[in-house]
Amino acid sequence: MKQTWVMTVAALKMYLRQRETVIWAFFFPLLLLGLFGFIRFDGVGTMHLGVVNAAGANGVAVVERFRHVSALEVSEGTEEAERAQLMVGERDLLVIIPAEFGTGAAPRLIVLADREAKPRETQLGTLIVQKVMDDAVFAVAGSLPRTTLDVHAVTVRNLTYVDFLLPGVLSMSIMQLGIFGVAFAFVTLKRRGILRRLKVTPLQPREFITAQVVSRLVVVVAQIALMLVFGVYVLHVHFIGNALLLLAVAMLGATVFLALGFAIAGLARTEDQVPPMANAITLPMLLLSGVFFSRSNLPEMVRLITGVLPLTHLADAMRAVAIDGAGVAQIMPQLIGLGIWAPVSIGLAIWLFRWE
Amino acid sequence: MTQQQTVIHDPMLIVDQLHKRYGDLVAVESLSFTVGRKEIFGILGPNGAGKTTTLEMIETLREPDGGKVTLNGVDIRRSPMDVKRMIGVQLQSTSFFDRLTLRELLVLFAEFYGRKIDPLRYLQEVDLADRAASYPAQLSGGQKQRFSVALALVNDPVVLFLDEPTTGLDPQARRHLWGVIQRIRDEGKTIVLTTHYMEEAEELCDRVAIMDHGKIIALGAPRVLIQKLVDSGFSRERAHALANLEDVFLSLTGHSLRDDE
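For clarity, every value in this text was computed on a predicted model and none was experimentally measured.

Caption draft 1: Local environment of the overall build of chain A. Per the secondary structure count, chain A includes 13 helices and five strands. On C-alpha atoms alone, chain A measures out to a radius of gyration of 27 Å, which is more than a quarter above the 21 Å that the 2.2 N^0.38 rule sets for 356 residues. Taking the principal axes of the C-alpha coordinates as reference, chain A spans close to 95 × 40 × 35 Å. Looking at chain A as a whole, 50% of its 356 residues qualify as buried.

See the structure below:
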């Protein structure tokens, strides 16, 4: 126990003294986040308008008119559904056509928008809606009472790309740390005979491996803390999740990837063989596991296949916890997925790992 | 074993009928020898003679196919953990964790044995006290070898195994290491080393075993083995050379170390 602890501290020291790995583990993910965080992809091109038609036949013409405005992308749905979409930032503006519309009462529309989060969209959107309504009324009667817009301020969670990206980059870092961090270190130790030197001491192999794993997990915790602080305070990421649950998910993911790292360390004879093997595992996942882009745009087949990858489970679970505030129950499918990967990868590591 | 002239009482190491094969190749064949306490025992032989395999079996790194090894009264196959605690080992290719200083490495390795040590004492033992804060990569070849001897001493072993400790070192560094090894023996340790430098064996070892093809072909004190050869009628072509080229080299370049500057 004492030996394991001392070895863990030493392993951590060795890890942190390695400048290049520290740069990859800490600086690079931050840089990536920073880059994407400050570049805004979501400029005003088309405005996403949610429409709820409670007036039945009387409202259909209005909806049609909205659909003809090229600057608007119109989605129609129930009030409940459209409100939900507005709240997560999928709609810029929500227009509700009330039941009494077109029954002779003074025409009135209810508009829901968040001025704080989307000032330009709110302003421009209400202008367009007003203009569409005025044109409609004018075309029919020449002059009739103007439609009033009843604007209700709401506070939406306007999720940006960084909100999506942060949990993804965290997952990516955990994968890289696990696979590259362990594989390189162990192949070096193995090839240079340092593991043999340890074997003539009373230090048990399992104590040494525990020390390596624990030291990497400590680095994962530090990574998560650093990136969350940077994300929330510098990039204003909307983090509403439970940090402890996030950490627990990260640990489970790190376990899977550390084990895969040990498996590669077992297969590779020299350090040169590590990158091709590690890249063969990490690159497809980086591109297809929804780290940078949502998997929803992938072809059905690819989505099904990538759905079982460990990074997909990790990124999905991390994202659900971070931006949806998901609890254990909501991420159960991902936890089960990682829970299957963990013993599989650990078994693979034990099977492939060699001391010499 | 007809070569064994001396009967050793209370031996430190008894190797009895040790056997190891790799596939068809017999690396070590029915090897037997005994090492006394406080002895410097040399295993000589050309590359591939089985020296390293023999050492590695005694050090618990390799499982023998047959035979018995008793170290300080302990059967190494029955209690390998007890043996690990009693021995100090310098492996042939010296390599350490890169990113720990000499001081940190010594403290860490001592902790593996549950010991708290003053690392400086061990560095002094091998004349490296001024390099406590250095990383292994900053050491010269001779300093690395000396450091690996220091590292092998952290558990206060009863036997020290050194596998080709001076290979690749210049004559000055080699002689310096000889001095260190003799000092360690004088402090009461038993030392088993391999080498293929004959003058090293002659200078340093109380007794040597000469190995070839996995077997011991001669065993005894260097002087006794030389005498035997001379008695059999051998004489050098240029007998009674009063000096050799190494003496010339050392008298020209001096005995002092170059790698410590």
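Next, the rest of the story.
Caption draft 2: Main features of the pairing of strand β9 (residues 207-212) of chain B. Residue and element names in this part refer to chain B. Of the strand pairs in this sheet, strand β3 (residues 40-44) and β9 are connected by four bridges, and their pairing is parallel. Its bridge partner lying in β9, Ile-43 is registered against Ala-209. The sheet contact formed by β9 and strand β10 (residues 215-220) spans five bridges and is antiparallel. In the sheet register, Asp-212 faces β10, and the bridge partner there is Lys-215. Where β9 folds back on β10, the antiparallel hairpin that results is connected by two residues, among which His-213 adopts a positive phi of roughly 50°.

Caption draft 3: Focus on the interface of chain B and chain A. Taken residue by residue, the interface counts 28 residues in chain B and 25 residues in chain A. Buried surface at the junction of chain B and chain A, both sides included, amounts to about 2500 Å², of which 58% is carbon and sulfur. Of all residues in chain B, Phe-97, Arg-99 and Phe-112 of chain B bury the most surface against chain A, accounting for 28% of the area lost on that side. On the surface where chain B and chain A come into contact, there are six salt bridges. Counting the contacts that link chain B with chain A gives eleven residue pairs in polar contact (both at pLDDT 80 or more). Within the residue set of the side of chain B that touches chain A, elements represented by two or more residues are α2 (80-86), α3 (102-112) and α5 (141-152) of chain B. Among the elements that line the side of chain B that touches chain A, the one with the most residues is α3 of chain B, at five residues. Split by residue class, the side of chain B that touches chain A holds 14 nonpolar, four polar and ten charged.

Caption draft 4: Local environment of the domain arrangement of chain A. We note that the domain assignment places domain 1 (2-39 + 160-352) and domain 2 (47-153) within chain A. On a C-alpha basis, the centroid separation for the pair domain 1 of chain A and domain 2 of chain A is 47 Å.

Caption draft 5: Highlighting the environment of Gly-179 of chain B. Relative to the elements of secondary structure, Gly-179 of chain B occurs in helix α6 (residues 171-186). When the C-alpha atoms of Gly-179 of chain B and Val-15 of chain B are compared, they prove to be 28 Å apart, with 164 residues separating the residues in sequence.

Caption draft 6: Here's a closer look at the sheet that holds strand β5 (residues 74-75) of chain B. All names here are of chain B. Reading across the sheet, the four strands line up as β2-β1-β4-β5 and stay open at both edges, with antiparallel pairing between neighbours. Looking along the sheet, the strands with just one partner apiece sit at the ends: β2 (25-35) and β5. Here strand β1 (residues 13-22) pairs with strand β4 (residues 66-71) via five bridges, running antiparallel. Bridge pairing links Val-15 to Val-69 in β4. Against the sheet, helix α1 (residues 51-58) contacts β1, β2 and β4, and its axis sits at roughly 120° relative to β1.

Caption draft 7: Helix α8 (residues 205-234) of chain A, seen in detail. Look at α8 of chain A: 43 Å from first C-alpha to last across 30 residues, which is about the 44 Å you get at 1.5 Å a residue. Immediately beyond the C-terminal end of α8 of chain A, within one or two residues, lies His-236 of chain A, with a positive phi of roughly 55°.

Caption draft 8: Representation of unusual backbone geometry. Residues and elements named next belong to chain B. Within the chain, Asp-127 stands out as a residue other than glycine whose phi angle is a positive 60°. With respect to the helices and strands, the residue Asp-127 is situated in the loop between α4 (119-125) and α5. Unlike most non-glycine residues, Asp-156 shows phi in positive territory, near 50°. Note on placement: Asp-156 falls in the loop between α5 and β7 (159-163).

Quick notes on the rules
- The residue numbers shown here count from 1 along each chain, following its written sequence.
- Key to labels: chains lettered from A, ligands numbered from 1, both in the order written.
- It should be noted that, the model being predicted, local features are given only for residues of pLDDT at least 70 and side-chain atom pairs only at 80 or more, the latter also being counted only at that level, while totals for whole chains, interfaces and linings use all residues.
- As a rule here, side-chain values cover all heavy atoms of the structure and leave hydrogens and water aside.
- Numbered from the N terminus, helices here are DSSP runs of H or I no shorter than four residues, and strands are runs of E no shorter than two.
- C-alpha atoms define the radius of gyration, and 2.2 Å times the number of residues to the power 0.38 defines the globule rule.
- For every residue, the accessible area obtained with a 1.4 Å probe (protein chains only) is divided by the maximum for its type, and the residue is called buried under 20%, exposed over 50%, and partly exposed between those limits.
- We treat two strands as partners when DSSP finds at least two bridges between them.
- Contact between two residues is taken to exist if any of their heavy atoms lie within 4.5 Å; hydrogens are not considered.
- Here the buried area means the combined drop in accessible surface, using a 1.4 Å probe, for two parts upon being joined, counting both sides.
- Basic side-chain nitrogens of Lys or Arg form a salt bridge, by our definition, when they fall within 4 Å of a carboxyl oxygen of Asp or Glu.
- Polar contacts, as used here, are pairs of N or O atoms within 3.5 Å; protein pairs need one atom able to donate a hydrogen and one able to accept it. Residues neighboring in sequence count only if both atoms are side-chain atoms.
- Gly falls in the polar group here, along with every residue not listed as nonpolar (Ala, Val, Leu, Ile, Met, Phe, Trp, Tyr, Cys, Pro) or charged (Asp, Glu, Lys, Arg).
- All domain edges in this entry derive from an automatic or database-based domain assignment.
- For helices, the fitted axis covers only the stretch in contact; all axes are lines through C-alpha atoms, and the angles between them, taken along N-to-C directions, range from 0 to 180 degrees.
- To estimate how far a helix should reach, multiply one less than its number of residues by 1.5 Å.

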